[in-house]
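Summary of the model geometry
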Amino acid sequence: MAPVVAVAHPCDRNALESALDAARLGLMAPILVGPEARIRAAAAEADLDISSLAIVATEHSHASAQRAVQLVREGHAAALMKGSLHTDELMGAVVQPDTGLRTARRLSHCFIMDVPGFAEPLIVTDAAVNIAPTLADKVDIAQNAIDLAHILGFDEVRVAILSAVETVNPKIPSTIEAAALCKMADRGQITGALLDGPLALDNAVSMDAARVKHLVSPVAGRANVLLVPDLETGNVLAKSLTFMAGADAAGIVLGARVPVILTSRADSVQARLASCAVAGLIAHSKLAGAKLLGS
């Protein structure tokens, strides 16, 4: 059964088409949350039939974000999807202390990328939420990505903690944090994956590059999760893979009570649908876990 998704403020063609396409393919059951007149006007202008979709009326984008989050809290939706409002508005409602969807885990974003020439998917994190993550933040960012990889069925999760070099250099803080994260994994503070770092990008994804640098580890040259030093690095990396290497990407925010689909106007239809599919897998996994705990 397709998960119910609260779509916050879908007041343009892109947002409505995404919801309709995902519904038609059985990826989700959308609830459109926003000003009803604007939603219907946008649908009419784009010649889209939204008669089969439920609408929850709000007055403006800020109210749309709050009401969409409320629908999740009330158990009426199992995921959130960004419509035509700003990302900050939606995420602001998600992180509200009393009315939001925070958990003990820090929120982070993952791109799941199908890169030409790579035999398996590649997760890049965090390229959209955490601007300058601390070491403590990176623990949650890593664990969120590892948990996602398991939901997606990765046979083995291999996390490369990226920096500019593959050796620990006190002048490059990301190398020190990478070493600390690896030791934290050794001590069971991060679980479910093999971690190695610091690794430069070439050493992380190319066996030839790893051999040249005499790096011997189960991760070097074979990473399927790339943990970047900061948002700027991750954003440039993900967009380079998409627009210069022809990669397809799905994006999802993790660490909240439910998955959050953050779409961009530049996203392809395939990317939007892939993001919906990933959110559906996560929602079903959470539901299965809840049933198991309650059994």
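Residues numbered from 1 in each chain as written. Predicted model: local features only at pLDDT ≥ 70, side-chain atom pairs only at ≥ 80, totals over all residues. Heavy atoms only, no water.

If you tally the helices and strands in the protein, you get ten helices and eleven strands. Taken against the 2.2 N^0.38 rule, which gives 19 Å for 295 residues, the C-alpha radius of gyration of the protein at 20 Å falls within 12% of a compact globule. For the protein, the spread of C-alpha atoms along the principal axes amounts to about 60 × 40 × 35 Å. The buried share of the protein, reckoned over its 295 residues, is 49%. For the protein, the accessible surface area stands at approximately 13800 Å², while carbon and sulfur atoms represent 55% of it. Counting 24 positive and 30 negative side-chain charges, the protein places the centres of these two groups 4 Å from one another. (Helix = DSSP H or I, 4+ residues; strand = E, 2+ residues; numbered from the N terminus. Rg over C-alpha atoms; globule rule 2.2 N^0.38 Å. Buried < 20%, exposed > 50% of the residue type's maximum accessible area, 1.4 Å probe, protein only. Areas by Shrake-Rupley, 256 points an atom, 1.4 Å probe, with all protein chains shown as cover. Lys, Arg positive; Asp, Glu negative; His and termini not counted. Charge placed at Lys NZ, Arg CZ, Asp CG, Glu CD.)

On to the nonpolar core. Ile123, Leu148 and Ile252 are the most contacted members of the largest nonpolar core, which totals 50 residues. Looking at this core element by element, the count peaks at seven residues for helix α5 (residues 135-151). Listed in part, the 23 residues of the second largest apolar core include Leu71, Ala77, Met91 and Ala256. (Core = buried A, V, L, I, M, F, W, Y, C linked by side-chain atoms within 4.5 Å.)

Under the definition given, this model contains 13 salt bridges. Put simply, Arg67 and Glu74 hold a salt bridge, and the shortest N to O gap is 3.6 Å. What makes Glu74 partly exposed here is its relative accessible area of 40%. Between Asp186 and Lys183 there is a salt bridge, and its shortest N-O distance comes to 3.4 Å. Residue Asp186 and its partner Lys183 are both found in helix α6 (residues 173-186); the two are separated by three residues, about one turn of the helix. (Salt bridge = Lys/Arg side-chain N within 4 Å of Asp/Glu carboxyl O.)

Helix α4 (residues 87-94) packs onto helix α3 (residues 61-73) with a crossing angle of 40° between their chain directions and a minimal axis gap of 9 Å. In terms of orientation, α3 and α4 fall into the oblique class. Two packed elements cross with a definite hand, and for α3 against α4 that hand is right-handed. Contacts from Ser61, His62, Ala65, Gln66 and Val69 of α3 reach α4 at Glu89, Leu90, Ala93 and Val94. (Axes fitted to C-alpha atoms, helices over the stretch in contact; angles between N-to-C directions. Parallel < 35°, antiparallel > 145°, perpendicular 65-115°, else oblique. Left-handed = near helix turned anticlockwise from the far one by under 90°. Contact = heavy atoms within 4.5 Å.)

The next thing to look at is unusual backbone geometry. Geometrically, the link from Thr125 to Asp126 is a cis peptide bond, its omega value of -5° lying close to zero. One can find Asp126 in the loop between β6 (122-125) and α5. The amide bond that connects Gly197 to the next residue, Pro198, takes the cis arrangement and shows omega of 5°. With respect to the element layout, Pro198 can be found in strand β8 (residues 194-199).

Burial runs high along strand β5 (residues 108-114): six of the seven residues are buried. As paired strands, β5 and strand β10 (residues 248-254) are joined by seven bridges and run antiparallel to one another. The residue of β10 that forms the bridge with Ile112 is Ala250. Where β5 meets β6, three bridges bridge the pair, whose relative direction is antiparallel. Across the sheet, residue Met113 finds its bridge partner in β6, namely Leu122. (Pairing = 2+ DSSP bridges.)

What follows is about the confidence of the model for the protein. Mean pLDDT over the protein works out to 93, with 97% of the residues at or above the 70 mark. The low-confidence segment residues 290-295 (pLDDT under 50) makes zero contacts with residues lying over four places distant or belonging to another chain. (pLDDT = per-residue confidence, 0-100.)

Two elements in contact, α5 and α6, have axes whose closest approach is 10 Å; the angle formed by their N-to-C orientations is 55°. Classified by the angle between their axes, α5 and α6 sit oblique to one another. α5 and α6 meet at a crossing whose hand is right-handed. Note on element contacts: α6 touches α5 through Glu177, Ala180, Leu181 and Met184, opposite Leu135, Lys138 and Val139. A class-by-class count of the residues in the contact of α5 with α6 yields five nonpolar, no polar and two charged. (Nonpolar A, V, L, I, M, F, W, Y, C, P; charged D, E, K, R; others polar.)

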